[in-house]
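# Descriptive analysis of the structure
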Amino acid sequence: MSTSSSNGCCGCRSGAGSPRRGFLARLAALVLAMVAYVTPAIASLVAFLNPLRQKSKSGEFIRLAALDTLDGTPRKVAIVQDRTDAWNRYPNQPVGAVWLRKVGENEVKAIHVVCPHAGCFIDYDAANHRFMCPCHNAHFDLDGVRLEATSSSPRDLDTLEVDYETKDGVKYVLVKFQNFRIGTADKIEA
Ligand code: FES
């Protein structure tokens, strides 16, 4: 029993070291937890907030409409594509729209709906057979050419490449969908 009591003193000394070791162990565990969980969470947040990392397939020809459903009046058609970011794929997301108009028996013109000035959506002014931007009152003819000598828009509306394909006897209109920089006189892919 007395031996046990004397060992108790030694236990007191070793008891003084244990809380320190315990603290260091908890600190190491905390650092490891931060590396394991917090770093990926921050990277995930950065990727989520960074639009440059959320990509849709740009510059691909997309089938938009059967040719015989179009005529000389502009028709707005939505662009639906898959979008991806660093972790996820979002199928069938609306990513834009184009104006389609038949300009010949077998020919279609495609114009981007985004105004080159500040990015508002262009409307079709049916009463006056022209396009107009509601934000700064700019007007364009049906080919997208600016009508005002001092237009707010730095360039004409952006036209898009058109192609055609026939499937099961139906001729379809394909459009190469691209976005362009706004606020520039030149048409530059965004
Ligand atoms: S955004 Fe179209 S004229 Fe300004």
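Further up the page is the structure itself.
For the structure given in this document, a descriptive report is provided here.

Calculation criteria
- Residues numbered from 1 in each chain as written.
- Predicted model: local features only at pLDDT ≥ 70, side-chain atom pairs only at ≥ 80, totals over all residues.
- Heavy atoms only, no water.
- Helix = DSSP H or I, 4+ residues; strand = E, 2+ residues; numbered from the N terminus.
- Buried < 20%, exposed > 50% of the residue type's maximum accessible area, 1.4 Å probe, protein only.
- Contact = heavy atoms within 4.5 Å.
- Core = buried A, V, L, I, M, F, W, Y, C linked by side-chain atoms within 4.5 Å.
- Pairing = 2+ DSSP bridges.
- Axes fitted to C-alpha atoms, helices over the stretch in contact; angles between N-to-C directions.
- Phe/Tyr/Trp six-rings, centres within 6.5 Å; stacked < 30°, edge-to-face > 60°.
- Patch = residues over 30% accessible without salt bridge, like charges linked within 9 Å, V, L, I, M, F, W, Y side chains within 5 Å.
- Areas by Shrake-Rupley, 256 points an atom, 1.4 Å probe, with all protein chains shown as cover.
- Salt bridge = Lys/Arg side-chain N within 4 Å of Asp/Glu carboxyl O.
- 1 Å grid on protein atoms, 1.4 Å probe; cavity = no way out; pocket = protein on both sides within 12 Å on 5 of 7 lines; lining within 4 Å.
- Points joined across faces, edges and corners; volume = space filled by probe spheres on them.

Turning next to the overall build of the chain. Looking only at helices and strands, the chain features 1 helix and 11 strands. Tracing the chain from N to C terminus, the helices and strands come up as α-β-β-β-β-β-β-β-β-β-β-β. Here the chain holds 190 residues, and the buried ones make up 27% of them. A separation of at least 24 residues holds for 50% of the contacts in the chain among residues at least 6 apart in sequence.

So, about the nonpolar core. If you look at the biggest cluster of nonpolar residues, it comprises 17 residues, and the most contacted ones within it are Leu64, Ile79, Val98, Leu100, Leu160, Val175 and Phe177. When residues of this core are traced back to their parent elements, those giving at least two are strand S2 (61-66), strand S3 (75-84), strand S4 (89-104), strand S5 (107-112) and strand S11 (170-176). Apart from the residues lying within four places of it in its own chain, the contact partners of Leu100 are Leu64, Ala65, Leu70, Thr73, Pro74, Arg75, Val77, Val108, Lys109, Ala110 and Val175.

This part covers the sheet that holds strand S7 (residues 130-133). An order of S6-S7-S8 is seen for the 3 strands of this open sheet, with the pairing classed as antiparallel. Each end of this open sheet is capped by a strand with a single partner; those strands are strand S6 (123-125) and strand S8 (138-140). For this sheet the average axis-to-axis angle between neighbouring strands, irrespective of direction, equals 35°. Taken together, the 3 bridges between S6 and S7 define a ladder with antiparallel strand orientation. Paired with Tyr124 across the bridge in S7 is Phe131.

Turning our attention to the packing of aromatic side chains. This structure, assessed with the given rule, holds 3 aromatic pairs. Here Trp99 and Phe131 contribute two aromatic rings whose centre-to-centre distance is 5.5 Å and whose plane-to-plane angle is 50°, an arrangement assigned as tilted. Highlighted residues: Trp99 in strand S4 and Phe131 in strand S7, separated in sequence by 32 residues. Since its relative accessible area comes to 9%, Trp99 is described here as buried. Phe131 gets classed as buried once you look at its relative accessible area, which sits at 2%.

Let us look at a nonpolar patch on the surface. A cluster of nonpolar residues, Phe23, Leu24, Leu27 and Leu30, forms a patch on the protein surface that exposes about 400 Å² of accessible area. When you line up the elements, Leu27 lands in helix H1 (residues 2-49). Its relative accessible area of 41% is what places Leu27 among the partly exposed residues.

This brings us to empty space enclosed by the protein. Enumeration according to the criterion identifies 1 cavity of 30 Å³ or more in this entry. Its boundaries defined by the atoms lining it, the largest cavity holds a volume of some 40 Å³. In this structure, the largest cavity is lined by Pro74, Trp99, Leu100, Arg101, Lys109, Ile111, Phe131 and Leu142. For the lining of the largest cavity, the elements supplying multiple residues, two or more each, are S4 and S5.

On to the sheet that holds S2. If you walk across this open sheet you meet the 3 strands as S2-S11-S10, and the pairing is antiparallel. Each edge of the open sheet is held by one strand with a lone partner, namely S2 and strand S10 (162-167). Within the sheet, the average angular offset between the axes of one strand and its neighbour, ignoring direction, is 35°. Judged from the 6 bridges that link them, S10 and S11 form a sheet pairing that is antiparallel. Across the sheet, residue Asp163 finds its bridge partner in S11, namely Leu174.

A separate point is the pattern of salt bridges. Taken as a whole and assessed by the stated rule, the structure comprises 8 salt bridges. Between Asp143 and Lys109 there is a salt bridge, with the nearest N and O atoms lying 3.7 Å from each other. Linking Asp143 in the loop between S8 and strand S9 (159-160) with Lys109 in strand S5, this pair joins segments that are 34 residues apart in sequence. For Asp158, the salt bridge identified is with Arg155, shortest N-O distance 2.8 Å. Since its relative accessible area comes to 4%, Arg155 is described here as buried. Connected via shared salt-bridge partners are Arg101, Lys109 and Asp143.

Taken by themselves, the reported measurements are silent on function.
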